[in-house]
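Geometric and topological summary
Listed below are the residues making up each chain.
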Amino acid sequence: MQLFIKKYYYGDIPDDNSGGADNITSNKNEKDWPLWEVFIRSKQGLDHKHAGSLHAADAQMAIENARDVYTRRNEGVSIWVVESKYIHASNPDDAESFYEPATDKIYRHPTFYDLPDELKHM
Amino acid sequence: MNDPLIDYTLHLADNTLILAQRNSEWCAHGPVLEQDIAITNISLDILGQARNFYQYAAILLGDDATEDTLAFLRDNREFKNCLLVEQENGDWGKTILRQFIFSNYQYLLYEKLQHSKDEQLAAVAAKALKEVTYHLQWSSEWVIRLGDGTDESHQRMMNAIEELWPYVDELFINADYENELLADNIAVDVPSLKNKWIEKITSIFDEATLQIPQNVFAKTGGKQGVHTEKLGYILAEMQFMQRAYPNSVW
Amino acid sequence: MQLQDFEKLFQQKIDTEIKVEPKDWMPDAYRKTLVRQISQHAHSEIVGMLPEGNWISRAPSLKRKAILIAKVQDEAGHGLYLYSACETLGTSREETINDLNSGKAKYSSIFNYPTLTWADMGAIGWLVDGAAILNQVMLCRTSYGPYARAMVRICKEESFHQRQGFDILLTLCKGTDAQKAMCQDAINRWWWPSLMMFGPKDSESTNTDQSMKWKIKRKTNDELRQQFVDMCAEQVKILNMTLPDEHLKWNAQTQHYDFGEIDWSEFWNVVKGNGPCNKERLEARRKAHEDGAWVREAAAAYAEKKTSKQQSQAA
């Protein structure tokens, strides 16, 4: 008998009938709590930054979950949550038309202007 | 030895340690990942409070007492926690209700204790009050959610109320050591907390469509060291290592 | 554009180290590989809570109890970050968890070994977390953005896990004879399963590995395993303990430690479900999920009630 062993990396075990128990499919078709995106202000004066996501039944629970999940090590002073379905994102296929026109407007950057060194505080 | 301040400090410590021990049983078994993390956070907060109280009691006791000798080498009859905190977790509803009952009590207790004449107790209470404020909010919201959720969750909350209410009154009866410390403004007079406690319970229960049961026979004794049988099992498990391997550093 | 063109562009992006983000085009196989790997990784974190959670109630001091609770809780957090990364690929947490509970999805076999003594908490921290960290540090540079970001967060938090494990062992090996024996016994039991965590030998692979090409993975099993052995062979000296391998020896030529052969039949047995605790671990997860069903339903029902109340008030 020839044994074929595929190369697996840690945490990457193949899908086959190996593993823990008999195949029992989930009994209920239960609905997940909605997904929320979490934004955290790490200290006063800084922007809120996307930290990750989580599940919660309502907004209050989402804020509390965010506090317990994403600020266990003093990572924040303020939390925003928004249900993920309300986030509208730009389309990556539009990247060229969206962002490239900005790349040649170098005159928008202060370094574009070559001014005499004597000029201070500008 | 009968020093009321030591007994009182141990009472405060035991209450929190035993509840932390109970809550931590949920770790890895919660109803949803986010709430597993939440109840474990509460467990950690309360364990921290217990350690602060034990460390203070150890200083008061002197000799070789440490937070660990107090937690792991005292027996059943020496523990002074209320019966409420040693009750089994039951389902999530019962755990939530116990947390709500206790956090509500702790909030009122620490609010007063932070002005205790005993500076150490006052300091621990002031720090813990911030944590408890959150526990109270969190558990209140869950009581409302479950009480006013589905028929099943409502029924489960009613069961939990029936199971836990006999242990409520004990929270508001002064033990000897508390009475002895009242005159010096060290201990909080717990009977005086009850009205406010009921007010909060009533307002949350109203929202949760739950009712406070009437004429419940109160079970007491824990604060004086007479416990339910459950505490023995908690201690057997919790103290196993220190008992099996005495005089070791971990 | 043709499919091949997309694939070519995709590979170019990978080759130039541009991260792939959720809405970007990606080959189906890339998505599938990621979903499988990330979810297995997430499950490993969650199932991994059980063998250690097992000792929370019996931790020998209050300090150790607090540390252990915090650590196991971190693992829940890590599972959560990873389930979230999985969701960015269009697989809901519910589906992913159902796959675990039904026995379809896999998790790291190491968590099917039992934790018998307190020293196991130390050995897991030092060896199991140590092995995991090598893998996770590599994964911080993985090509899929959300996975990489989750790993960065996890690595930041994980650094205390290995240290607390070593600290437990260090305390034991300075202790009584019984403690020293407990320490050595734990190392003996966890050493080989830890080496197995890196997977089969590279030489036993018959396929070219797509994961490397896609930069999901950046080091081979054997590379990582060797790195781990070299690390531990030195660290164990500080403990005054030994690793249970008579072939373990410094090789001046390769500048690495040589080590003995892994018992691969044991590895496959555990993967196939015959490990000491496979059944118990899965049952514990299933029970938690099933016992929690009414809680999740109630919270959802309450949220719905509240929303409709607000809407009728607004109207």
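Below you will find a few notes about this structure. (Residues numbered from 1 in each chain as written. Chains lettered and ligands numbered in written order. Predicted model: local features only at pLDDT ≥ 70, side-chain atom pairs only at ≥ 80, totals over all residues. Heavy atoms only, no water.)

**Description of the overall build of chain A**
Regarding its fold elements, chain A presents two helices and three strands. Reading the secondary structure of chain A in the N-to-C direction produces β-β-α-β-α. The proportion of buried residues among the 122 residues of chain A is 34%. Looking at chain A alone, contacts between residues at least 24 apart form 42% of all its contacts between residues at least 6 apart. As displayed, chain A has an accessible area near 8700 Å², and 53% of this comes from carbon and sulfur atoms. (Helix = DSSP H or I, 4+ residues; strand = E, 2+ residues; numbered from the N terminus. Buried < 20%, exposed > 50% of the residue type's maximum accessible area, 1.4 Å probe, protein only. Contact = heavy atoms within 4.5 Å. Areas by Shrake-Rupley, 256 points an atom, 1.4 Å probe, with all protein chains shown as cover.)

**As for the packing of helix α5 (residues 119-139) of chain C against helix α7 (residues 177-196) of chain C**
Residue and element names in this part refer to chain C. Direction vectors running N to C along α5 and α7 enclose 30°, while the axes themselves pass 9 Å from each other. One way to sum up the angle between α5 and α7 is to call them roughly parallel. In terms of crossing hand, the pair formed by α5 and α7 is right-handed. Only Met182, Cys183, Ala186, Ile187, Arg189, Trp190, Trp191 and Ser194 of α7 make contact with α5, whose side of the interface consists of Ala119, Asp120, Ala123, Ile124, Trp126, Leu127, Val128 and Ala131. Among the residues forming the contact of α5 with α7, the class breakdown is 13 nonpolar, one polar and two charged. (Axes fitted to C-alpha atoms, helices over the stretch in contact; angles between N-to-C directions. Parallel < 35°, antiparallel > 145°, perpendicular 65-115°, else oblique. Left-handed = near helix turned anticlockwise from the far one by under 90°. Nonpolar A, V, L, I, M, F, W, Y, C, P; charged D, E, K, R; others polar.)

**So, helix α2 (residues 28-53) of chain C**
Between its terminal C-alpha atoms α2 of chain C stretches 37 Å, which fits the 38 Å expected from 26 residues at 1.5 Å a residue. Of all the 26 residues making up α2 of chain C, 21 are buried; the element is thus mostly covered by neighbouring parts of the structure. (Expected span 1.5 Å × (residues − 1).)

**Details of the pattern of salt bridges**
Under the counting rule described, the total for this entry stands at 34 salt bridges over all chains. The closest approach of N and O atoms between glutamate 21 of chain C and arginine 149 of chain C, which form a salt bridge, is 3.0 Å. Placement of the pair is glutamate 21 of chain C in the loop between α1 (3-15) and α2 and arginine 149 of chain C in helix α6 (residues 145-173), with a sequence separation of 128 residues. Residue classification places glutamate 21 of chain C among the partly exposed residues on the basis of a relative accessible area of 26%. Accessibility expressed as a relative area gives 47% for arginine 149 of chain C, which makes it partly exposed. Several salt bridges share partner residues, and in doing so they unite Arg72 and Arg73 of chain A together with Asp74 and Glu157 of chain C into one network. (Salt bridge = Lys/Arg side-chain N within 4 Å of Asp/Glu carboxyl O.)

**Some thoughts on the interface of chain C and chain B**
Across the contact, 45 residues belong to chain C and 47 residues belong to chain B. Among the residues of chain C in contact with chain B, Leu62, Trp294 and Tyr302 of chain C are the three that bury the most area, contributing 21% of the side total. The tally of links from chain C across to chain B stands at two salt bridges. Note that arginine 93 of chain C is salt-bridged to glutamate 34 of chain B, the shortest N-O span being 2.6 Å. For the interface between chain C and chain B, the tally reads 14 residue pairs in polar contact (both at pLDDT 80 or more). Secondary-structure elements contributing two or more residues to the side of chain C that touches chain B are α2, α3 (62-87), α6, α7, α11 (278-291) and α12 (293-314) of chain C. Residue composition of the side of chain C that touches chain B, grouped by class: 27 nonpolar, nine polar and nine charged. (Buried area = accessible area lost by both parts, 1.4 Å probe. Polar contact = N/O pair within 3.5 Å; in protein donor to acceptor, adjacent residues only side chain to side chain.)

**A word on the sheet that holds strand β1 (residues 35-41) of chain A**
All names here are of chain A. One open sheet holds the three strands; their spatial order is β2-β1-β3, and the pairing between them is antiparallel. Bordering the open sheet on either side are β2 (48-55) and β3 (78-83), each of which pairs with just one other strand. Within the sheet, the average angular offset between the axes of one strand and its neighbour, ignoring direction, is 25°. Sheet topology note: the β1/β3 ladder contains six bridges and is antiparallel. Following the sheet pairing, arginine 41 is matched in β3 by serine 78. (Pairing = 2+ DSSP bridges.)

**Comments concerning the packing of aromatic side chains**
Under the counting rule described, the total for this entry stands at 27 aromatic pairs over all chains. On the numbers, 5.8 Å between centres and 85° between planes, the contact of tyrosine 105 of chain B with phenylalanine 172 of chain B is edge-to-face. Placement of the pair is tyrosine 105 of chain B in helix α5 (residues 92-113) and phenylalanine 172 of chain B in the loop between α7 (151-164) and α8 (176-182), with a sequence separation of 67 residues. A ring pair is formed by phenylalanine 198 of chain C and phenylalanine 228 of chain C, whose centres lie 5.3 Å apart and whose planes are at 50°; its orientation type is tilted. A residue pair is termed long-range when its members are at least 10 positions apart, and phenylalanine 198 of chain C in the loop between α7 and α8 (210-213) and phenylalanine 228 of chain C in helix α9 (residues 221-239) qualify at 30 residues. When its relative accessible area of 1% is taken as the criterion, phenylalanine 198 of chain C is described as buried. One aromatic cluster is present, formed by Phe100, Phe102, Tyr105, Trp165, Phe172, Trp197 and Phe205 of chain B through successive ring pairs. (Phe/Tyr/Trp six-rings, centres within 6.5 Å; stacked < 30°, edge-to-face > 60°.)

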